[in-house]
Amino acid sequence: MLRVAGLSAAYGDGPPVITGVDFTAEAGRIVALIGPNGGGKSTLLRAVRGEIALRTGVVEAPRAASVPQSDRSRLDFPVSAYDVALMGAYERTPWYRPIAHGDRVAATGALERVGLADRANALFGTLSGGQRQRVMIARALVQDAPLLLLDEPFAGVDARSGARIESLLLALRDEGRTILVATHDVNQARRFDRVLCIHGRQIAYGPPADALTAETLQQTYGGELIMLPGGAQAVAVDHHAH
Amino acid sequence: MSWLTDPFATGLQQRALLEVLLLGAACGPLGVWIASFRQAYAAESMAHAMLPGLVLASFAGVPLVAGAAGGVLLAAGLVGVAGRDERIGADTGVAIAVTGLFGAGTVLALASDAPARLQEVLFGDLLGAGDGDLVAAAGLAALIAAGLLAFHRRLALAAFDSASARGLGGDPGRAALVVLVLIALGTLVAVQGLGNLLVVALLVAPGAAALQLARRLVAALLVAAGLACAAGVAGLVASYHLDLAAGASVAGCAVALYAVSTIRSSATGGSGGAVSRSKASRWPISSKPVRTRSR
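Here we summarise the structure given alongside this text. If you're wondering where the values come from, they're calculated on a predicted model, not measured in any experiment.

## Some points on the overall build of chain A
Inference 1: Tallying secondary structure elements over chain A gives eight helices and 11 strands in all.
Inference 2: Its C-alpha radius of gyration of 18 Å places chain A within 12% of the 18 Å reference for a compact globule of 242 residues.
Inference 3: Taking the principal axes of its C-alpha atoms as reference, chain A extends roughly 55 × 40 × 35 Å.
Inference 4: Pairs at least 24 residues apart make up 67% of the contacts formed inside chain A by residues separated by at least 6 positions.

Here you go:
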């Protein structure tokens, strides 16, 4: 279970990036975190991980495994997909011990689970964006944490990898893990259990039908929102530029 | 084979051989991390900035490695302070501190009553390695090897993915510090043989070359050690037959090996190394599609 109450967070002495975040995600729930760029999604994930000090509020979280955006890692570093997956076991391995046999088996199994068993020996930098993202998920699986935090795992990923990642997340949810996943895709968020809308503050939290209304989307995305004719479908236009 | 054995006929030459092998075993693998953490500038800065310590050691007649230790401590302190000045930026601050120290060292070394060892201080004296120098080099090399083994996984985490390293049991800040401390130790080991101008070649070139040749991390570390030792031996052989300065020959061989590996790597499209240089320089750019889907 993940409980966040009255959270506000800021970098250093700066103004709060997010305020008023209050939600509880039970075990076995997958929560979509949506909001515009700069709206505080990554900041909230960092606050849950305990990487930045909270201005106010509390976070009660079990041990968490994070899946970062794979384009943050070094593509010229000489590691294979298997090596990266195995990094999930580093924390529990003292420096003077070799990696346990069980952890090696777990790394192979995790790569199988994300559909990359045949690419285990491929160099990480030679994989496609979607494959790299799946290797990062395999690494989180080797960490075997009850809480998974994913920062836009669908960004820059082809449709097939995206669908694969989504069904994998649903399967992990069914194992009883709590999953918080930042996404830009409002329609994908509708398929998850809960949706958390933030834009500097919490706009809405609840089942998709309640949290994703025309009003909350307008508040979440403001001018970036385009309402499509012929229904209540709303689409966020992504002006993302790294 | 006499061309290979002749250069190592005397005890003096054999000690030089042992010295370059120790240097290669320690500095080669360290170079892989220097390249991975983008710390070549720090390595060069530290080596140059310890000149005052080296000159004072030669004034006092104590072993160079002792002066180098003092010089590196002073340099690290000043570089740390100068690097913190945000108005001019870390690089500029470090450059000012380093040239200041190098200048101070030169003034000392050129003083009229200075011992005539400036050349040794700047370019090293491989053939002048005494038993004490060898013992010191062996001890420091063992320390570096122990550090590389103990921190191997944490360095890999921080070098590969510093943003998530903390969640995986690493600490990017501490890993960077470990690399700096190891660079300081590596500089100490190598300064006797190569002097403070040439030491950087052995610290940086074999590691960078190995990253172009090897596909996996452990292989890169081993290849780097092999290349650095090969550069050492080749440098001594060349220096004997061509009557060249030993330290400069070793540094030249290290750089030549790097040049060869670069040519080989670009000729084969970089298939030898982890990722071709052209691909690595094409830094990953997120290509998020503009969303216009309706469902």
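## Regarding the sheet that holds strand S3 (residues 30-34) of chain A
Residue and element names in this part refer to chain A.
Inference 1: An order of S5-S6-S7-S3-S8-S9 is seen for the six strands of this open sheet, with the pairing classed as mixed. This sheet does not close on itself; its edge strands, each paired only once, are strand S5 (64-67) and strand S9 (202-206). On average, each strand axis in the sheet is tilted by 15° relative to the strand beside it, whichever way the strands run.
Inference 2: With five bridges connecting them, strand S6 (residues 147-151) and strand S7 (residues 178-182) associate as parallel partners. The residue of S7 that forms the bridge with Leu-147 is Thr-178.
Inference 3: Contacting S3, S5, S6, S7 and strand S8 (194-198), helix H1 (residues 41-49) runs over the sheet at an angle of about 150° to S6.
Inference 4: Sheet strands touched by helix H5 (residues 159-174): S3, S6 and S7. Its angle to S7, the strand with the most contacts, is close to 155°.

## Observations concerning the nonpolar core
Inference 1: Membership of the largest hydrophobic core comes to 175 residues, with the highest contact counts inside it found for A:Ala85, B:Val189, B:Leu202, B:Leu203, B:Val250 and B:Ala254.
Inference 2: In terms of residue count, the dominant contributor to this core is helix H11 (residues 172-213) of chain B (26 residues).
Inference 3: Split by domain, the residues of this core number at least three in each of domain 1 (1-62 + 146-242) and domain 2 (71-144) of chain A.

## Looking at the sheet that holds strand S4 (residues 54-60) of chain A
Residue and element names in this part refer to chain A.
Inference 1: The sheet built from three strands is open, its strands ordered S2-S1-S4 with antiparallel pairing. A single partner strand is all that each edge strand has here, and the edge strands are strand S2 (18-25) and S4. Across the sheet, the mean angle from the axis of one strand to that of its neighbour is 5°, orientation sign disregarded.
Inference 2: Relative to S2, strand S1 (residues 2-9) runs antiparallel, the two sharing five bridges. Considered in S2, the bridge of Ala-9 is made with Ile-18.
Inference 3: Where H1 meets the sheet, its contacts fall on S1, S2 and S4, and the angle it forms with S1 comes to roughly 120°.

## A closer look at the pairing of S9(A)
Residues and elements named next belong to chain A.
Inference 1: Relative to S9, S8 runs antiparallel, the two being bridged by four bridges. Pairing of Ile-198 across the sheet is with Gln-202, part of S9.
Inference 2: In this antiparallel pair of consecutive strands, S8 and S9, the connection spans three residues, and Gly-200 shows a positive phi of 75°.

## Observations concerning helix H5 (residues 64-83) of chain B
Residues and elements named next belong to chain B.
Inference 1: Taking 1.5 Å as the rise per residue, H5 with 20 residues should run 28 Å; its terminal C-alpha atoms sit 27 Å apart, in good agreement.
Inference 2: Along H5, the residues classified as buried are Leu-64, Gly-67, Ala-68, Ala-69, Gly-71, Val-72, Ala-75, Val-79 and Ala-82.
Inference 3: Of the surrounding secondary structure, the elements contacted by the buried residues of H5 are helix H3 (40-49), helix H4 (51-60), helix H6 (90-109), helix H7 (118-123) and H11.

Thresholds, definitions, all that
- Residues numbered from 1 in each chain as written.
- Chains lettered and ligands numbered in written order.
- Predicted model: local features only at pLDDT ≥ 70, side-chain atom pairs only at ≥ 80, totals over all residues.
- Helix = DSSP H or I, 4+ residues; strand = E, 2+ residues; numbered from the N terminus.
- Rg over C-alpha atoms; globule rule 2.2 N^0.38 Å.
- Contact = placed C-beta atoms within 7 Å.
- Pairing = 2+ DSSP bridges.
- Axes fitted to C-alpha atoms, helices over the stretch in contact; angles between N-to-C directions.
- Core = buried A, V, L, I, M, F, W, Y, C linked by C-beta atoms within 7 Å.
- Buried ≥ 20, exposed ≤ 12 C-beta atoms within 10 Å, placed from the backbone.
- Domains from an automatic or database assignment.
- Expected span 1.5 Å × (residues − 1).

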